[in-house]
Amino acid sequence: MSPPAHGAGTKTQPPKVRLYELVLENGRSASPFVWRIRYALAHKGIAFESVPLGFTDIAQAFGGRFKTVPVLERGAAMLAESWDIAEYIDREFPAGPALFASPAEREMVRLMDAWLSAEVMRKLFRVYVLDIHDAARPRDRPYFRQSREARLKGATLEAYTADREARLPAIREALAPLRTQLSRVPFLGGGAPNYADYIALGAFQWVASVSTLPLLARSDEVLRAWLDRGFNLYGGLARDPRSQPLFE
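About the thresholds
Residues numbered from 1 in each chain as written. Predicted model: local features only at pLDDT ≥ 70, side-chain atom pairs only at ≥ 80, totals over all residues. Heavy atoms only, no water. Helix = DSSP H or I, 4+ residues; strand = E, 2+ residues; numbered from the N terminus. Rg over C-alpha atoms; globule rule 2.2 N^0.38 Å. Buried < 20%, exposed > 50% of the residue type's maximum accessible area, 1.4 Å probe, protein only. Contact = heavy atoms within 4.5 Å. Areas by Shrake-Rupley, 256 points an atom, 1.4 Å probe, with all protein chains shown as cover. Salt bridge = Lys/Arg side-chain N within 4 Å of Asp/Glu carboxyl O. Core = buried A, V, L, I, M, F, W, Y, C linked by side-chain atoms within 4.5 Å.

Caption draft 1: Representation of the overall build of the chain. Within the chain one finds ten helices and four strands. In terms of overall dimensions, the chain is globule-like: its C-alpha atoms have a radius of gyration of 20 Å, near the 18 Å expected for 248 residues. C-alpha atoms of the chain, sized along the principal axes, occupy 80 × 45 × 35 Å. Here the chain, with 248 residues, has 50% of them falling under the buried criterion. For the chain, restricting intrachain contacts to residue pairs at least 6 apart in sequence, the fraction spanning at least 24 positions comes to 71%. When the accessible area of the chain is evaluated, it comes to approximately 12,400 Å², of which 55% is carbon and sulfur surface.

Caption draft 2: A look at the environment of Trp-206. Topologically, Trp-206 is positioned in helix H9 (residues 195-210). By relative accessible area, which is 11% here, Trp-206 ends up buried. Sequence separation of Trp-206 and Val-51 is 155 residues, and the distance between their C-alpha atoms is 18 Å. In contact with Trp-206, not counting residues within four places along its chain, are Ala-30, Pro-32, Met-121, Leu-124, Phe-125 and Ile-132.

Caption draft 3: How the structure looks around the pattern of salt bridges. The final tally for this structure, using the stated rule, is 24 salt bridges. Across the pair Asp-90 and Lys-44 runs a salt bridge, and its minimum N-O distance is 3.0 Å. With Asp-90 in helix H3 (residues 82-92) and Lys-44 in helix H1 (residues 32-44), this residue pair connects regions lying 46 residues apart in the sequence. Each member of the pair, Asp-90 as well as Lys-44, carries the same accessibility label: buried.

Caption draft 4: Spotlight on the nonpolar core. Counting residues in each nonpolar core, the largest one holds 80 residues, and the members touching the most others are Tyr-195, Phe-204 and Trp-226. Ranked by residues supplied to this core, first place goes to helix H4 (residues 103-135) with 13 residues. Ignoring sequence-local partners within four residues, the contact set of Tyr-195 consists of Arg-36, Ile-37, Ala-40, Ser-82, Trp-83, Ala-86, Leu-99, Phe-100 and Val-109.

Caption draft 5: Main features of unusual backbone geometry. For the bond from Val-69 to Pro-70, the omega torsion is 15°, close enough to zero to count as cis. Mapped onto the secondary structure, Pro-70 falls in the loop between helix H2 (58-61) and strand E3 (71-74). Phi at Lys-153 takes a positive value of approximately 55°, unusual for a residue other than glycine. As for its position among the elements, Lys-153 is in the loop between helix H5 (141-151) and helix H6 (157-160). Among the residues examined, Lys-153 registers a relative accessible area of 83% and is labelled exposed. Notably, Tyr-234 is not glycine yet its phi reads approximately 55°, a positive angle. The residue Tyr-234 is located in helix H10 (residues 221-236) in this model. Residue classification places Tyr-234 among the partly exposed positions, given a relative accessible area of 34%.

Remember, this is a structural readout, not a statement about activity or role.
Dropping the structure here:
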């Protein structure tokens, strides 16, 4: 019997998944949008290679094609928007548990994302933008300051955040819809987490990456319990000794 032809019977290795993510001076992943994809990949059981980038690395890494992260690379596919990435991995990895149980659920989670962005994320930026600057790699700080202060119509980061402690009560109040839902069920997805949880957890991971001012009241037991459950997911994916306290 003649030997099999070279390569016969061998299996083609699936393309490696790479996640390009924003890191701070201490190496910690910081972007809330990266964190939601980190959770989504864990939810689907997808192994990936992390590619850390600083603020000033992003344009160079992609030849100007993308200006923000996360960026997911898999073979010839490269996607940059977190929603596009979430829908891609749900479609391309059907064997894992679905991120969205139905199209209707997906659209409701989109609504939740829009609410969080408008009512919470903008307020968090007002409190923590200087902390982000200070936590960034030293070589990234001039770019970060220049680009963010350009959006603030000439205000410095220091001036923009000068009254940040006074702004905490409004943010805590804005989180009331999360508290209401999470007082009834363990996760925003009900009995188990879904992409709505990952979106919200990503926002808290962002704050925990940079904060020098605890966001939440010590007495906020509903959010504390949910954050503990969320940070413990997938073998403690979000547990990091570099995290800053979220509770006063």
